[in-house]
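Results of the structural survey
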Amino acid sequence: MVNRKFVMITGSTSGLGFELAKLFANDGYDVAMSGSSEDIYQSAKEIEKLGVEAYPFKADASTYDDVEEFWKFVKSKDRKLDSAVLNVGIGMGGSFLENDLQEELKLIDINISGTVHMAKRVVQDMVPNKEGDILIVSSVSATLPTPYETVYGPSKAFGFMFAESLREELKETGVNVTAMLPGATNTSFHHNAGMDSTYFGDEKNKNNKELVAQQGYEALKNELDHVVCGDEATKKEAEENKQTPEEVKAAKHAEKAKPNQ
Ligand SMILES: NC(=O)c1ccc[n+]([C@@H]2O[C@H](COP(=O)([O-])OP(=O)(O)OC[C@H]3O[C@@H](n4cnc5c(N)ncnc54)[C@H](OP(=O)(O)O)[C@@H]3O)[C@@H](O)[C@H]2O)c1
């Protein structure tokens, strides 16, 4: 019988998911990890160097079947699930007028449908145990309109309010839900979203991924409802967003996210 705790983290091949996997592993958790590329197997080997078991699974989070298959894989380990990190998410820059509809619907499948799907499985698994931690990775983008990321930002606003809603519903069950809202962070996210030619393509405008992951991890451990992750400027911006009119925030974001011709 294994004594170590057990966490599952979606989208943990690289980026924030991988950083979070390291933090859990350093605290002695075994980690079930998913990603859509073959690199997930190498990433799991890196996590195992930290002295825990890592279970990699290749699954495309944009499809119902693969989300379900990853969940079955987690359950096949026959372990109590202590924590779940619903991290997987993709971005998409460019103009709504020109962007491809199928790509936008894929973003919604991953960021919204996939999150709801996995949350359903996790919640129904944890509540009978009367304990568990769920970290849902949203974004500072949830606090403003995001022109030139017009589908992405609202998908993260969904994640934020979904997490806060679930938290309230589950508050008597022993299961904690925390939303993590990173500011722009130095992973491959903006490159993958086709945003290299924007303000967000410049590394100096981004937060450090280790810092961001650490703040999210600590917020989960302290059972906060949500946490803005990043430097002081990021936290200040999120605070100011509560008072700033939507049109003002939209214009400011458009300047940063509009592709340079
Ligand atoms: N970076 C930022 O500036 C930022 C800011 C706020 C919020 N966030 C949020 O943080 C989360 C993680 O983003 P990140 O910055 O770490 O992004 P990233 O560097 O692009 O990493 C994305 C991760 O998701 C996996 N992935 C991508 N498509 C997938 C798919 N279809 N199915 C399964 N896994 C998939 C990737 O693994 P594979 O390569 O193996 O598919 C990788 O592990 C996202 O929810 C994002 O919205 C990021």
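Residues numbered from 1 in each chain as written. Predicted model: local features only at pLDDT ≥ 70, side-chain atom pairs only at ≥ 80, totals over all residues. Heavy atoms only, no water.

As annotated in an unreviewed UniProt entry, the chain carries the name Short-chain dehydrogenase and is attributed to Halobacillus alkaliphilus.

Pairing within the open sheet is parallel, and its seven strands lie in the order β3-β2-β1-β4-β5-β6-β7. Unpaired on one side and paired on the other, β3 (54-58) and β7 (226-229) mark the two borders of the sheet. Strand-to-strand twist across the sheet, computed as the mean angle between neighbouring axes with direction ignored, equals 15 degrees. Sheet topology note: the strand β1 (residues 6-9)/strand β4 (residues 83-86) ladder contains three bridges and is parallel. Paired with Val 7 across the strands is Ser 83, a residue of β4. (Pairing = 2+ DSSP bridges. Helix = DSSP H or I, 4+ residues; strand = E, 2+ residues; numbered from the N terminus. Axes fitted to C-alpha atoms, helices over the stretch in contact; angles between N-to-C directions.)

Between its first and last C-alpha, helix α3 (residues 64-76) extends 18 Å over 13 residues, near the 18 Å set by a 1.5 Å rise per residue. Residues of α3 that are buried: Val 67, Glu 68, Phe 70, Trp 71, Phe 73 and Val 74. Against the buried residues of α3 lie β1, β2 (30-35), β3 and α4 (101-126). Downstream of α3 by one or two residues, Asp 78 has phi in the positive range, about 55 degrees. (Expected span 1.5 Å × (residues − 1). Buried < 20%, exposed > 50% of the residue type's maximum accessible area, 1.4 Å probe, protein only. Contact = heavy atoms within 4.5 Å.)

Before going further, it helps to examine the site of the ligand. Close to the ligand lie 31 residues; Thr 13, Ser 36, Ser 37, Tyr 152 and Thr 187 are nearest. Ser 36 places a polar side-chain atom, nitrogen or oxygen, 2.4 Å from an oxygen atom of the ligand. Asp 60 is positioned with one of its side-chain polar atoms (N or O) 2.9 Å from a nitrogen atom of the ligand. The fraction of the free accessible surface of the ligand (890 Å²) that becomes covered by protein chains is 92%. Looking at the shell around the ligand, the elements that each hand over two or more residues are α1 (15-26), α5 (152-169) and α6 (189-192). Tallying contributions element by element places α6 first for the shell around the ligand, with three residues. (Near = heavy atom within 4 Å. Polar contact = N/O pair within 3.5 Å; in protein donor to acceptor, adjacent residues only side chain to side chain. Areas by Shrake-Rupley, 256 points an atom, 1.4 Å probe, with all protein chains shown as cover.)

Turning our eyes to something else, we now look at the packing of α1 against helix α7 (residues 209-221). Where α1 contacts α7, the two axes come as close as 9 Å, and the packing angle between them is 55 degrees. Judged by the angle between their axes, α1 and α7 are oblique. α7 is crossed by α1, and the crossing has right-handed handedness. Of the residues in α7, those in contact with Leu 16, Glu 19, Leu 20, Leu 23 and Phe 24 of α1 are Lys 209, Glu 210, Val 212, Ala 213, Gln 214, Tyr 217 and Leu 220. Looking at side-chain class alone, the contact of α1 with α7 contains eight nonpolar, one polar and three charged residues. (Parallel < 35°, antiparallel > 145°, perpendicular 65-115°, else oblique. Left-handed = near helix turned anticlockwise from the far one by under 90°. Nonpolar A, V, L, I, M, F, W, Y, C, P; charged D, E, K, R; others polar.)

With that settled, consider unusual backbone geometry. Negative phi values dominate among residues other than glycine, just as trans dominates among peptide bonds. Of note, Asp 78 is a non-glycine position whose phi angle comes to about 55 degrees, a positive value. Relative to the helices and strands, Asp 78 resides in the loop between α3 and β4. A residue is classified by how much of its surface remains accessible, and Asp 78, at 69% relative accessible area, is exposed. Even without being a glycine, Tyr 148 presents a positive backbone phi close to 65 degrees. For Tyr 148, the location among the structural elements is in the loop between β5 (132-137) and α5.

Among the nonpolar cores identified, the biggest contains 34 residues, and Met 8, Phe 70, Val 74, Leu 81, Met 118, Val 122 and Ile 134 are the most heavily contacted of them. Contributing elements (two or more residues each) for this core: β1, β3, α3, β4, α4, β5, α5 and β6 (175-182). Apart from residues lying up to four places away in sequence, Met 118 is in contact with Met 8, Thr 10, Val 67, Phe 70, Trp 71 and Leu 86. Counting residues in each nonpolar core, the second largest holds 28 residues, with Phe 24, Val 52, Met 180 and Tyr 217 among its members. (Core = buried A, V, L, I, M, F, W, Y, C linked by side-chain atoms within 4.5 Å.)

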